[in-house]
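# Fold and geometry: a report
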Amino acid sequence: MHKRIEIDKKIFQEAVKFYGAVFSIPPLASKIYAYLLFDYDKVGITFDEFVEVFCASKSSVSTSITLLLNAELIVDHNKMDERKRYFFINDGYKKLRFEKIVQKMKDELKLLDDLDHFKKKNDEVEGDDEKMEAYKALLNKNIINIQESLNKL
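It should be emphasised that the depicted structure is a prediction, and the values quoted were computed from it without experimental measurement.

### Considerations on the overall build of the protein chain
In terms of helices and strands, the protein chain carries 6 helices and 3 strands. Put simply, the protein chain runs from its N terminus to its C terminus through helices and strands in the order α-α-β-α-α-β-β-α-α. Rg of the C-alpha trace for the protein chain: 22 Å, well past the compact-globule value of 15 Å for 153 residues, more than 25% over. Its C-alpha atoms give the protein chain principal-axis dimensions of about 75 × 30 × 30 Å. Taking all 153 residues of the protein chain together, 31% fall into the buried category.

### A short note on the pairing of strand S2 (residues 74–78)
Of the pairings in the sheet, the one linking S2 to strand S3 (residues 85–89) comprises 5 bridges and is antiparallel in character. By the bridge assignment, Asn78 is partnered in S3 with Arg85. Linking S2 to S3, which pair antiparallel, is a turn of 6 residues.

### Structural notes on the environment of Glu108
Structurally, Glu108 is set in helix H5 (residues 93–122). According to the relative accessible area criterion, Glu108 is partly exposed, its value standing at 29%. Residues Glu108 and Leu139, spaced 31 residues apart in sequence, show a C-alpha to C-alpha distance of 8.7 Å. With sequence-adjacent residues up to four places away left out, Glu108 is seen in contact with Tyr135 and Leu139.

### Let's talk about the nonpolar core
For soluble globular proteins, the rule of thumb is that nonpolar side chains tend to be buried together. Core analysis: the largest hydrophobic core is formed by 28 residues, its most contacted members being Ile32, Tyr33, Leu36, Phe50, Phe54, Val61 and Leu68. Going through the elements one at a time, helix H1 (9–23), helix H2 (27–37), helix H3 (47–54), helix H4 (58–70) and S3 are the ones with two or more residues in this core. For this core, the leading source of residues is H2, giving 7 residues. Residues in contact with Val61, not counting those within four places in the same chain, are Leu28, Ile32, Phe47, Phe50, Val51 and Ala56.

Basis of the calculations
- Residues numbered from 1 in each chain as written.
- Predicted model: local features only at pLDDT ≥ 70, side-chain atom pairs only at ≥ 80, totals over all residues.
- Heavy atoms only, no water.
- Helix = DSSP H or I, 4+ residues; strand = E, 2+ residues; numbered from the N terminus.
- Rg over C-alpha atoms; globule rule 2.2 N^0.38 Å.
- Buried < 20%, exposed > 50% of the residue type's maximum accessible area, 1.4 Å probe, protein only.
- Pairing = 2+ DSSP bridges.
- Contact = heavy atoms within 4.5 Å.
- Core = buried A, V, L, I, M, F, W, Y, C linked by side-chain atoms within 4.5 Å.

Pasting the structure below:
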């Protein structure tokens with residue numbers, strides 16, 4: 001068995017709270033994700049280690065790991081000479097996460113444009129909503145900025 005990773009309890013608790021809210025995941029799944037953040041050397045954490053570290057049932061750990069794998073937040077690997085699976089943070093998820101954010105902003109822009117066209121078609125009064133135009137400009141600017149940064153990842 002390899003050496004257990006060292007964590008900072010305060011940072012760990014903050015990460016559990018933050019990622020639980022950001023990813024809308026249950027507490028144990030958030031703890032597993034936060035714990036994996038401290039695996040700097042990418043040695044991987046085994047299923048049994050999660051059970052031991054969190055004093056959780058095997059079924060609870062299994063459910064949480066499955067949820068994290070399905071959400072693509074973590075990945076698993078088997079080492080050549082072992083049957084054990086090792087779990088890691090999915091480094092590709094950061095890019096995936098921002099691609100989803102960009103898609104949501106594009107979807108919102110399309111919806112706002114559709115509403116705007118509908119309003120103009122059914123309304124004789126021609127008056128642009130300055131705040132709405134500023135909001136749409138902000139969405140467009142952020143889409144461009146995020147996409148430029150994603151191209152560098």
